[in-house]
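Survey of secondary and tertiary structure
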Amino acid sequence: MSERPIRVLIAKPGLDGHDRGAKVVARALRDAGMEVIYTGIRQTPEMIAEAALQEDVDVIGLSILSGAHMDLFPRIVEEIKRRNVNDALLVCGGIIPEEDIPALEQMGFVGVFGPGTSTQDLAKFIRDEVGQRRTRSAQSPSPAR
Amino acid sequence: MDTEWIEAVRAGNPRAVARAISAVERGGPGAHAVIAALFPFTGRAQIIGVTGAPGTGKSTLVNELAKYYRRRGDRVGIVAVDPTSPFTGGAILGDRLRMQDLSGDPGVFIRSMATRGSLGGLASATFDAVQVLDAAGFDLILVETVGAGQSEVDIAKNAQTTVVVDAPGLGDEIQAIKAGILEIADVLVVNKADRDGAGATVAALEMNLNLKPKSEKSWRPPVLKTVAIRGEGTGDVVDWIGKHRAYLEAEHLLKAKERARFRSELDMVLQRELMSRLLSHLDGDEMDSLVDKMASREMDVYQVANQLLHAAERSQA
Ligand SMILES: Nc1nc2c(ncn2[C@@H]2O[C@H](COP(=O)(O)OP(=O)(O)OP(=O)(O)O)[C@@H](O)[C@H]2O)c(=O)[nH]1
Ligand SMILES: [Mg+2]
């Protein structure tokens, strides 16, 4: 029985049409040894939360270019909370102005990554954060965990 | 262990189901405890395997099949397995991408799994996930695997009905036969029938079926054409899955199939457990030095294996 690979959901909410960036991230995280559930473009908040719930992911990664994040992300967070997926790490990337970051952090996003972020840095950030969370939750065991 | 989560799984609570699957997927004592608690409540679901070469349209077909079964009122569980990269241990699990029609339906639960390359463990882990869904009251469980090797064939053995998906222009009919994939097909589907060459693919599959020795009673798989992206022909696939099910019932083969499955599962688990127990008694350095002896042609593989087995027996005694 080995350490469970980190499971990451990569989703693109909103209506912006291409997912090149999200695919690059998905591949980079796979190459970093993670299991990436890739759901593609035009994901509604409900679809994202449902996938995160069923797939029991450690990380939910949202990619957005359309500028609709301040509208969509709160709804996504709400749907996630409604389903009790409260231990997944929230990260986002894409085109997100500096001034929105505090509000996003307030919402529960622990990482906000701009277009310039290297995929190595992203993978390292995820590995460190998930590592910490796993250590913490190992101290408070819950059923079937 | 407290029993609240068992009730939650049995009630189909998605969070409890998701976590139970994670636990069985991780293996070890935690997994065994989950199965021990849920096993008495399994055995009700109809299990359908969908396998075939990469990209033939399996996920698209699963999406269509699930929609049919939902209309019939069944609760549908889906386990979609994709390969783990042998180099990085990571995986991209992309099957959900083709199953978006099912999103938002509380009667559907989709779980993606990576093969994780454990020793013969894939079929067990997949089947354990199926058992969780079975205990959670899903009436029908679809298991998608990429038909590439023995472990996929093992997974198919766990299904009551196996649908093998092919597509024109892959040139892999021969490949499929090699992998024994045709042997396990109860229903053959030539998807992407909107493309050139579908007729030739059907003919090639029919020819291969004709080569198989026939007995009066045995099941002959139909070869069906579909265009899964447009939902064309998928109703026929549902009908034939139903006919195969009726055949299994009429011939009293369901119990026999289940027994065969338990037997092969037992073999697999014994192999795995014996191997890991054995390895826990062996010293890695000693194994390395014995491999050196093989490299220098001092000892052959049987001599080395026997020596290690004796050493393990001694340390157990
Ligand atoms: N032309 C055509 N394309 C199809 C059909 N069915 C599926 N596709 C396309 O084929 C591609 C692969 O479909 P999937 O359903 O993901 O195939 P898969 O067998 O699940 O693929 P893997 O899980 O990666 O092995 C997608 O681009 C589909 O849109 C069809 O009937 N006709
Ligand atoms: Mg697929």
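Before going into details, it helps to say that this report is about the structure given with it. These numbers come from a predicted model, not from an experiment. (Residues numbered from 1 in each chain as written. Chains lettered and ligands numbered in written order. Predicted model: local features only at pLDDT ≥ 70, side-chain atom pairs only at ≥ 80, totals over all residues. Heavy atoms only, no water.)

1. Considering the pairing of strand β5 (residues 109-113) of chain A
When strand β4 (residues 89-94) of chain A meets β5(A), the two strands line up parallel, connected through four bridges. What sits directly across from G93(A), in β5(A), is F113(A). (Pairing = 2+ DSSP bridges. Helix = DSSP H or I, 4+ residues; strand = E, 2+ residues; numbered from the N terminus.)

2. A closer look at the site of ligand 1
Residue and element names in this part refer to chain B. Around ligand 1, 19 residues are found, and the nearest of them are G57, K58, S59, T60 and D194. D95 places a side-chain nitrogen or oxygen 3.0 Å from an oxygen atom of ligand 1. Within the contact set of ligand 1, an oxygen atom lies 3.2 Å away from a side-chain nitrogen or oxygen of R98. Protein coverage of the free-state accessible area of ligand 1, which is 650 Å², stands at 78%. Breaking the shell around ligand 1 down by element, the ones donating at least two residues are α4 (58-71) and β5 (140-146). Counting residues per element, the shell around ligand 1 draws most heavily on α4, at three residues. (Near = heavy atom within 4 Å. Polar contact = N/O pair within 3.5 Å; in protein donor to acceptor, adjacent residues only side chain to side chain. Areas by Shrake-Rupley, 256 points an atom, 1.4 Å probe, with all protein chains shown as cover.)

3. Considerations on the sheet that holds β5(B)
Residue and element names in this part refer to chain B. Read across the sheet, seven strands follow the order β4-β2-β5-β1-β6-β7-β8 without closing on themselves; strand pairing throughout is parallel. Each having just a single partner strand, β4 (108-114) and β8 (223-225) make up the two edges of the open sheet. Adjacent strand axes in the sheet meet at a mean angle of 20° when their direction is disregarded. Relative to strand β7 (residues 187-190), strand β6 (residues 161-166) runs parallel, the two sharing four bridges. Bridge pairing in β7 links V164 to L188. (Axes fitted to C-alpha atoms, helices over the stretch in contact; angles between N-to-C directions.)

4. Topic: the coordination of the magnesium ion (ligand 2)
All names here are of chain B. Within the protein, the magnesium ion (ligand 2) binds to S59 (OG), D95 (OD) and E144 (OE); these donor distances fall in the range 2.1 to 2.2 Å. For the magnesium ion (ligand 2), the single-chain donor residues occur in sequence as S-x35-D-x48-E. One end of the pair, S59, is in helix α4; the other, E144, is in strand β5, and 85 residues separate them in sequence. The class for E144 is buried, based on a relative accessible area of 3%. (Donors = N, O, S within 2.8 Å, 3.2 Å for Na, K, Ca; no water. Buried < 20%, exposed > 50% of the residue type's maximum accessible area, 1.4 Å probe, protein only.)

5. Remarks on α4(B)
Every α-helix carries 3.6 residues per turn, so stepping three or four residues along brings you back to the same face. Residues and elements named next belong to chain B. Taking 1.5 Å of rise per residue, the 14 residues of α4 would be expected to cover 20 Å, and the 20 Å separating its terminal C-alpha atoms lies within 8% of that figure. Within α4, 10 of the 14 residues are buried, which leaves the element mostly enclosed by the surrounding structure. Of all the residues in α4, the buried ones are K58, S59, T60, L61, V62, N63, E64, L65, A66 and Y69. Each element contacted by the buried residues of α4 is listed here: β1 (46-52), β2 (76-82), β5, β6, β7 and α9 (234-250). Just beyond α4, the residue with positive phi is G73, at close to 100°. (Expected span 1.5 Å × (residues − 1). Contact = heavy atoms within 4.5 Å.)

6. A closer look at the sheet that holds strand β1 (residues 7-13) of chain A
Judged by pairing direction, the sheet is parallel, and its six strands sit side by side in the order β5(A)-β4(A)-β3(A)-β1(A)-β2(A)-β3(B) without closing on themselves. Edge strands, defined here as strands with exactly one partner in the open sheet, are β5 of chain A together with β3 (91-93) of chain B. For this sheet the average axis-to-axis angle between neighbouring strands, irrespective of direction, equals 20°. Pairing of β1(A) with strand β2 (residues 35-43) of chain A involves six bridges; the strand directions are parallel. Counted as the bridge partner of V8(A) is V36(A) from β2(A).

7. A short note on the interface of chain B and chain A
Counting residues at the interface gives 33 residues for chain B, matched by 34 residues for chain A. Summed over both partners, the interface of chain B with chain A buries about 2900 Å², with 50% contributed by carbon and sulfur atoms. The largest contributions to the chain B side of the interface with chain A come from R15(B), R19(B) and R26(B), which together make up 23% of the buried area. Here R15(B) makes a salt bridge to D87(A), at a shortest N to O gap of 3.2 Å. The tally of links between chain B and chain A comes to 21 residue pairs in polar contact (both at pLDDT 80 or more). Class assignment of the residues belonging to the side of chain B that touches chain A gives a composition of 13 nonpolar, 11 polar and nine charged. As paired elements, β2(A) and β3(B) share three bridges and run parallel to each other. (Buried area = accessible area lost by both parts, 1.4 Å probe. Salt bridge = Lys/Arg side-chain N within 4 Å of Asp/Glu carboxyl O. Nonpolar A, V, L, I, M, F, W, Y, C, P; charged D, E, K, R; others polar.)

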